Amino acid sequence: MLKKLILVLNCGSSSLKFSILDPSSKKTYVSGIIERLFLTKTAVYIYTDHKEYKKILSDYTNHEDALKFVFTRIKDKYLNYYNQIYGIGHRIVHGGDKLNKSVIINHKILQIIKKFSIFAPLHNPANIIGFKISKKFFPHLKKNNVAVFDTAFHSSLPKSSFLYAIPYKFYKKNKIRRYGAHGISHNYILNKTSKVLNKSKNLLNIISCHLGNGSSVTAIKSGKSVDTSMGLTPLEGLVMGTRSGDLDPAIIFFMHKKLGLSIRVIEKILTYKSGLLGISTKSSDCRYSEKNYQYNKNSKLAIEIFCHRVAKYIGAYSTLMKERLDAVIFTGGIGENSILIRKKVISKLNLLGLYIDKNLNNNVKFNKNYFINKKNSIKILVIPTKEELFIAKETKNLINKKNI
Ligand code: ADP
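Since this is a predicted model, take the numbers as computed values, not measurements.

Caption draft 1: Looking closely at the nonpolar core. By size, the foremost hydrophobic cluster in this structure holds 36 residues, and its most contacted members are Ile207, Leu211, Phe306, Ile314, Phe330, Ile341 and Val345. The set of elements that each furnish at least two residues to this core consists of strand 9 (206–211), strand 10 (215–221), helix 12 (297–318), strand 12 (327–331), helix 14 (339–347) and strand 13 (379–382). Considering every element that reaches this core, the biggest residue donor is helix 12, with nine residues. In terms of nonpolar packing, the next biggest core, distinct from the first, is built from 29 residues, Leu5, Leu57, Ala66 and Phe138 among them.

Shown next as structure tokens:
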């Protein structure tokens, strides 16, 4: 039987996504998500061309049990696809400064991923569980597991972007620096923009805005990431669903010393209770604040602050482009879907030569027309991100190289 499929695993902190796809034809055969891990009513959704399957698992299901459930179901119900899988691609959030390109996972690589759990304590351990359980269910593919890193695309950051202005020894000794994240998405966007604009990657100067539950902006100059809004961890930068993004570090001292909050509680507040949720006071979902924009002052504020921050980064990153900015691209759940956010962000950037076309912005049709800019504007595009496809292609390429 011709083996042509790649299984892509994306083990997040509280959810787990998977796809079985053909990187050549780009067709996805089976995909799914498990939501609410470690909470009540953990739910599994599995999608195929014709069917959707939903099941509620037992409360507080962990990654290991969730994966075992999914893999067993794939083997039982989709044996034909199971048998065609020849490689497994794992999205790994943090590769630190050691792993700056995709690699086949072996013992040594696993140790490095473990080591950098210190900077991604919610993600890297989950990614490792993904690898371990895959090895059990796909023992014949033990040597065909590939790690694709979210930090790798940002390994080109210059020191002026990645160093923090704290004593240098913290970088040298403790590796405290900007690593960025969402690199898989930004890299995919670069490749796709290069195709859409019919211009070679290394000639492109673009600003990629991945706006979702987690959000980041990346400045890409001559095809390389030269600055990005996420930092040592994905907490820095834009306003996110529940994360604060940028703030004065003195706020943490104030909360600790004056308000008596422990560091653990402050970490929780900045990670899970801030962002759109914190400002709107109701929901981390951008759709909620959009819906209530006209009627509720906090929802309006959430949207305004979110857009202000995105525009601020685009403005700042335009200064890195020197002679030319080719395009600004929106992607991610919010970037792809929110007419209001795109309109508000771009309306603050007319000075840079960015003007949105209302009609195009209101009627984005992927695959037909990615552009939403006016004729006299720098190009503005909306491109759906396809992180799974990027991971599958990397996996295929590495396995093919190994087998040459
Ligand atoms: P993640 O970072 O978890 O991958 P996504 O990129 O899927 O997140 O983005 C999820 C967010 O996208 C949701 O929280 C929601 O706020 C936003 N979103 C989805 N659809 C819309 C829409 N039609 N309008 C505005 N926001 C949307």
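Caption draft 2: Representation of helix 9 (residues 263–272) in the model. Among the residues making up helix 9, those that are buried are Ile266, Leu270 and Thr271. On an axial view of helix 9, the arc spanned by its buried residues comes to 125 degrees, and they lie on one face. Those residues of helix 9 hidden inside the fold are in contact with helix 8 (250–257).

Caption draft 3: The arrangement of the packing of helix 7 (residues 183–197) against helix 16 (residues 387–402) in detail. Between helix 7 and helix 16, the least distance of the axes is 9 Å, while the angle of their chain directions is 85 degrees. Considering the angle they form, helix 7 stands roughly perpendicular to helix 16. Along its contact with helix 7, which presents Ile184, Ser185, Asn187, Tyr188 and Asn191, the element helix 16 presents Glu387, Leu389, Phe390 and Ile391. Residues of the contact of helix 7 with helix 16, tallied by class, amount to five nonpolar, three polar and one charged.

Caption draft 4: Molecular detail of the pattern of salt bridges. Per the stated rule, a full pass over the model turns up 13 salt bridges. One salt bridge connects Asp22 with Lys4, and the closest N-O pair in it is separated by 3.9 Å. Pair noted here: Asp22 is in the loop between strand 2 (16–21) and strand 3 (28–35) and Lys4 is in the segment before strand 1 (5–11), with a separation of 18 residues, a long-range link. What makes Asp22 buried here is its relative accessible area of 7%. When the shortest N-O distance is used, the salt bridge between Asp97 and Lys175 registers 3.3 Å.

Caption draft 5: The sheet that holds strand 1, seen in detail. Spatially, the eight strands line up as an open sheet ordered 5-4-3-2-1-6-8-7, and their pairing is mixed. Two strands close off the open sheet at either side, each with one partner strand: strand 5 (52–56) and strand 7 (103–104). Of the strands in this sheet, strand 1, strand 2, strand 3, strand 4 (43–47) and strand 5 are in contact with helix 1 (residues 63–77), which crosses strand 2 at around 25 degrees.

Rules behind the numbers
- Residues numbered from 1 in each chain as written.
- Predicted model: local features only at pLDDT ≥ 70, side-chain atom pairs only at ≥ 80, totals over all residues.
- Heavy atoms only, no water.
- Core = buried A, V, L, I, M, F, W, Y, C linked by side-chain atoms within 4.5 Å.
- Buried < 20%, exposed > 50% of the residue type's maximum accessible area, 1.4 Å probe, protein only.
- Helix = DSSP H or I, 4+ residues; strand = E, 2+ residues; numbered from the N terminus.
- Arc of directions from axis to C-beta.
- Contact = heavy atoms within 4.5 Å.
- Axes fitted to C-alpha atoms, helices over the stretch in contact; angles between N-to-C directions.
- Parallel < 35°, antiparallel > 145°, perpendicular 65-115°, else oblique.
- Nonpolar A, V, L, I, M, F, W, Y, C, P; charged D, E, K, R; others polar.
- Salt bridge = Lys/Arg side-chain N within 4 Å of Asp/Glu carboxyl O.
- Pairing = 2+ DSSP bridges.

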